[in-house]
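An overview of the molecular structure
Now for the letters of each chain:
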Amino acid sequence: MSVDVLDESGEGVDVLDLTRLCRFVLRRMRLHPQTEMTMRLVDADTIATLNEQWMGKKGPTDVLSFPMDELTPGREEPDEDDDPGYLGDIALCPQIAAQQAPAAGHDRDDEIALLTVHGMLHLMGYDHATPEEHAEMFGIQGRLLVEWHEAAAGQDPDAP
């Protein structure tokens, strides 16, 4: 798995930890072992520009996902004829994450982890426009975050 995390935000985010989280999610969602993706950590002005350019919305947001190859999670065993693909790009703003974190009851880094998983699920085609989609996506997101925290605490043999 090739995961590039680029910190252009100036916020001192642990890029190595985010890279591990992305790889963990790709494995848990059973994507092809050679799947690629990129995450850019950007400042509020940059995410506001991207939000307006791509979503038609004014102002900064927390995370944007740009899916590419419509890769589907859930493989038990990859077929040797399957091509690895480029999952897509995520733009995430640590400044906005830091602003949102207190209301969610956790710190900035936990909010960044949540937004990372959320953005990755969007890359995989999940959405939350309907109550059913919301329940499915947020259920998977919650499970992945619990598993990640257990793995990080050394309670999981499939740790990153």
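Check the entry above for the structure.
As a starting point, this report considers the structure included with it. (Residues numbered from 1 in each chain as written. Predicted model: local features only at pLDDT ≥ 70, side-chain atom pairs only at ≥ 80, totals over all residues. Heavy atoms only, no water.)

1. Points about the layout of surface pockets
Using the following cut-off: Lining residues are those with an atom within 4 Å of a point, where the points come from a 1 Å grid over the protein atoms alone and group into cavities, where a 1.4 Å probe fits but cannot get out, or pockets, open sets with protein on both sides within 12 Å along at least five of seven lines. Grid points are joined across faces, edges and corners, and a volume is the space filled by probe spheres set on the points. In this text, helices come from DSSP runs of H or I with a minimum length of four residues, and strands from runs of E with a minimum of two, each type numbered from the N-terminal end. As a working rule, the residues Ala, Val, Leu, Ile, Met, Phe, Trp, Tyr, Cys and Pro are called nonpolar, Asp, Glu, Lys and Arg charged, and the rest polar, with Gly in that last group.
Taken as a whole, the largest pocket spans an internal volume of roughly 310 Å³. Taken together, 16 residues make up the lining of the largest pocket; nearest its centre are Thr 61, Asp 62, Val 63, His 118 and His 122. Broken down by secondary-structure element, the contributors of at least two residues to the lining of the largest pocket are α2 (44–55), β3 (63–67), α4 (108–123) and α5 (131–152). Top element by residues in the lining of the largest pocket is α4. It accounts for four residues. Considered class by class, the residues forming the lining of the largest pocket number six nonpolar, seven polar and three charged. Counted as a void, the second largest pocket has a volume near 190 Å³. Taken together, 14 residues form the lining of the second largest pocket, with Asp 17, Leu 18, Asp 109, Asp 110 and Ala 113 sitting closest to its centre. Mapped onto the lining of the second largest pocket, the elements with two or more residues apiece are α1 (15–28), α4 and α5. No other element matches α4, which puts five residues into the lining of the second largest pocket. For the lining of the second largest pocket, a count of residues per class yields seven nonpolar, two polar and five charged.

2. Quick look at the packing of α4 against α5
Our working definition: Lines fitted to C-alpha atoms define the axes, with helix axes restricted to the stretch in contact, and inter-axis angles between N-to-C directions lie between 0 and 180 degrees. With respect to orientation, any angle under 35 degrees is reported as roughly parallel, any angle over 145 as roughly antiparallel, any angle of 65 to 115 as roughly perpendicular, and every other angle as oblique. Here is the rule for handedness: rotate from the far helix to the near one, and if that takes an anticlockwise turn smaller than a right angle the crossing is left-handed, while a clockwise turn gives right-handed. Here, residues are in contact when the closest pair of their heavy atoms is within 4.5 Å.
For the pair α4 and α5, the least separation of the axes is 10 Å and the interaxial angle reads 130°. One way to sum up the angle between α4 and α5 is to call them oblique. Considering the relative orientation of α4 and α5, their crossing is right-handed. Every residue of α5 that contacts α4 at Asp 110, Ala 113, Leu 114, Val 117, His 118, Leu 121 and His 122 is listed here: Met 137, Phe 138, Ile 140, Gln 141, Leu 144, Leu 145 and His 149.

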